[in-house]
Amino acid sequence: MGRPARLFARPRLSSLRTTFAVTFALVTAAVTVVVGILSYDSAARLVRVDQQSVFTQVVQDVRNEVRRYDRHPVDFSSTSPGHEVVRPARTDVQVLGAQGQIVDHGSPQLPVTDADRAVAAARAAGRTVQHTDVVVGDGMYRIATVSLGDGRGAVQIAQEFSDTEDLLHELQRRTLVLMAIVVVAAGLCGWWLARRITRRLVALTSAAENVARTRQLGVPVPVTGSDEVGRLGRAFDRMLGRLAQSEEDQRRLVQDAGHELRTPLTSLRTNITLLRRIDELPPATRDELVADLTQEARELTDLVNELVDLAAGQSDTEPPQRVDLAEIAEEVAVRARRRTGREIVVRASGDTTADGRPGRLQRAISNLVENAAKFDPGGTTPIEIAVSGPALPGAVRVEVLDRGPGVAAGDLLRIFDRFYRAPDARAQPGSGLGLSIVREVALAHGGVPFASRREGGGAVIGFTVGVLPDQHGGRDGGAEGDGTAVRDRPRAAGADRVHRGQRESDGTADAARGG
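Residue numbers here run from 1 along each chain, matching the order of that chain's written sequence. Only residues with pLDDT of 70 or above have their local features reported here, since the model is predicted, and side-chain atom pairs are shown and tallied only from 80 upward, although totals for entire chains, interfaces and linings are computed over all residues. Each side-chain value is derived from all of the structure's non-hydrogen atoms; neither hydrogens nor water enter the calculation.

## Some thoughts on the sheet that holds strand β5 (residues 154-160)
Paired strands, in this sense, are two strands between which DSSP finds at least two bridges. Counting from the N terminus, the helices are DSSP H or I runs at least four residues long and the strands are E runs at least two residues long. Taken in spatial order, the five strands make up an open sheet running β2-β1-β5-β4-β3, and their pairing is antiparallel. The sheet terminates laterally at β2 (102-104) and β3 (128-136), the two strands that pair on one side only. For this sheet the average axis-to-axis angle between neighbouring strands, irrespective of direction, equals 30°. Alignment of strand β1 (residues 92-96) against β2, held across two bridges, turns out to be antiparallel. Among the inter-strand pairings, L96 is bridged to a residue of β2, identified as I102. The contact definition used throughout considers only heavy atoms, calling two residues in contact when any of these lie within 4.5 Å. As a rule, the C-alpha atoms of each element are fitted with a line to give its axis, helices using only the stretch in contact, and angles between N-to-C directions run from 0 to 180 degrees. Each of β3, β4 (139-147) and β5 touches helix α2 (residues 16-68); the most contacted strand, β4, lies at about 20° to it.

## Section: the sheet that holds strand β9 (residues 383-388)
With mixed pairing, the five strands of this open sheet are ordered in space as β7-β9-β10-β12-β11. At either end of the open sheet lies a strand with only one pairing partner, and these are β7 (344-349) and β11 (449-453). Pairs of neighbouring strands in the sheet enclose a mean axial angle of 15°, with direction left out of account. Sheet topology note: the β11/strand β12 (residues 459-465) ladder contains five bridges and is antiparallel. Residue A451 lies in a different strand from β12, and its bridge partner there is I461. Each of β7, β9, β10 (396-402) and β12 touches helix α9 (residues 358-375); the most contacted strand, β12, lies at about 175° to it.

## Side note on empty space enclosed by the protein
Cavities and pockets are defined on a 1 Å grid built over the protein atoms alone: a cavity is a set of grid points where a 1.4 Å probe fits but cannot escape, while a pocket is an open set with protein on both sides within 12 Å along at least five of seven lines, and lining residues are those with an atom within 4 Å of any such point. Grid points are joined across faces, edges and corners, and a volume is the space filled by probe spheres set on the points. A complete count under the given rule lists one cavity of 30 Å³ or more for this structure. In this structure, the largest cavity occupies an estimated 30 Å³ of space. Put simply, the parts of the chain that give the lining of the largest cavity at least two residues each are α9 and β10. Looking at the lining of the largest cavity, the element that brings in the most residues is α9, giving three residues. Each residue is assigned to one class: nonpolar for Ala, Val, Leu, Ile, Met, Phe, Trp, Tyr, Cys and Pro, charged for Asp, Glu, Lys and Arg, and polar for all the others, Gly among them. A per-class count over the lining of the largest cavity returns four nonpolar, one polar and one charged.

## Concerning helix α5 (residues 162-214)
With 53 residues, α5 should reach 78 Å at 1.5 Å per residue; the first-to-last C-alpha distance of 74 Å fits that figure. To obtain the bend at a residue, axes are fitted to the seven residues ending there and to the seven starting there, and the angle between these axes is taken. The largest bend along α5 measures about 45° and falls at T198. Trailing α5 by a residue or two, R215 shows a phi angle of about 60°, which is positive. Expected helix span is computed as 1.5 Å times (number of residues minus one).

## Focus: the nonpolar core
Soluble, globular proteins show a tendency: their nonpolar side chains are buried together. Grouping buried Ala, Val, Leu, Ile, Met, Phe, Trp, Tyr and Cys residues that are joined through side-chain atoms within 4.5 Å yields what is termed a nonpolar core. To sort residues, take the accessible area from a 1.4 Å probe on protein chains only and compare it with the maximum for the residue type: under 20% means buried, over 50% means exposed, and anything in between is partly exposed. The biggest cluster of nonpolar side chains holds 37 residues, and the ones touching the most others in it are L325, L361, I365, V369, I385, I461 and F463. Elements with a minimum of two residues in this core: α8 (325-340), β7, α9, β9, β10, α10 (434-444) and β12. Sorting elements by how many residues they give to this core places α9 first, with seven residues. Contacts of V369, omitting those with residues within four sequence positions, involve V332, A336, I344, I383, I385 and V400. Grouped together as the second largest cluster of nonpolar side chains are 14 residues, V54, V58, V66 and V146 included.

## Overview of the pattern of salt bridges
Salt bridge criterion: a side-chain nitrogen from Lys or Arg within 4 Å of a carboxyl oxygen from Asp or Glu. Following the criterion strictly, the structure yields 13 salt bridges and no others. The shortest N-O distance in the salt bridge between D150 and R152 comes to 3.0 Å. Note on D150: relative accessible area 42%, which makes it partly exposed. The partner of E384 in a salt bridge is R454, and the shortest N-O contact between them spans 3.3 Å. Taken as a pair, E384 in strand β9 and R454 in the loop between β11 and β12 lie far apart in primary sequence, 70 residues in all. R454 matches E384 in its accessibility class, with the two residues each being buried. Within the structure, one salt-bridge network assembled from shared partners comprises D70, R123, D150 and R152.

## Details of the environment of N271
Relative to the assigned elements, N271 resides in helix α6 (residues 228-275). With sequence-adjacent residues up to four places away left out, N271 is seen in contact with L289, D292, L293 and E296.

Shown next, in the form of structure tokens:
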């Protein structure tokens, strides 16, 4: 049963270009055939009807003539003076005598039947008998015989229509030739149009196949035009850019995590080796060893949790919604007061609502507050969370102010790097990922992180929330005119850190100027 099914299976076209060209040609052929048939049929019908109408009118005129006047065969003879007035025009005429004999034959001579002889001998004038499709010589005629009355004879009127049919046959042939030319031209035009339309789709397909084959995400993608194909190219280019950035982020995260995990794991391995001789150690050394193991386990736990949060935050699975950053800051402050016992003040001004992911924004503000509390553990001055909305549509600014030791000028450029810890802060607990998460959240929300030294001591660290990149169509698409999107290629971790430091330097300078 499978073989017959394959034999009668519908053929598949090899490409979209071929499908479009064949479809265009088939549709054009169908329209051309329908229009050609209808046009020929209408023209043929008009010609035949007109010819029949002329013949019918001529016969009727002769009948009226013989009924009104006493006419004799000689009146219709071609040799009789004034016959041009009596004989009908645009037809062939043959005159019959009283016995049905031919008095004046037509050109060509028309056949005479018994019915024609009966009409010639008829007493009533205008009696008529008609013959259709009569073959005379090489032509086809329609013939009508009209009696003169009182047995005086009859007049035969003939009209040849074979010439008209020949003309219609020639028209039909030319119509078929013209239809064939139109179909061929439509096929060529369809192929040209299909190539023009699918050229960019073919380029996109080649780029996608190249990515699938080589697994290289830095393939240039053609994105010319502002139509659907151009939008598809820009969307595909943005997708490749984000995939490349995600791949680079994962690689850097694994490298940094491996580097940071190496030190605590080495320390744990050393202390575990000492556990084999724990009975030989003095009680003070034993207590110190257990305390070190507890602290290292806690640091490893915190580090793994931070890594999980950072990796989960990069996935952007949380749906964006309209949020009030002042309310999120209040929730963070309530939890931080309960956890640290510190006084935390929230100040809000302007419109503090924005489009964002509430979970990630809450984590970013919480990291800022925990960072401030960690570096000012015994402080009595309240930690401040300031949320300010713009007077005009723009970014919402979130900043946390403390009175701790502050940040050294040389560290302002690097505190948002992953696992970076200032020399003075390496004795403090932590993984070095808290502010890095703040940076990722800010960039994911169309904002920037910033840090500056606070007047009178302390630090001001925060971020802005602008427009979500996903909600701004074409933000990271390439220029339309050059035919290739310009997308930042992933760089090595060291080079990326230098450029990132320069960008954060700009944001830090802005924050310092803004006070």
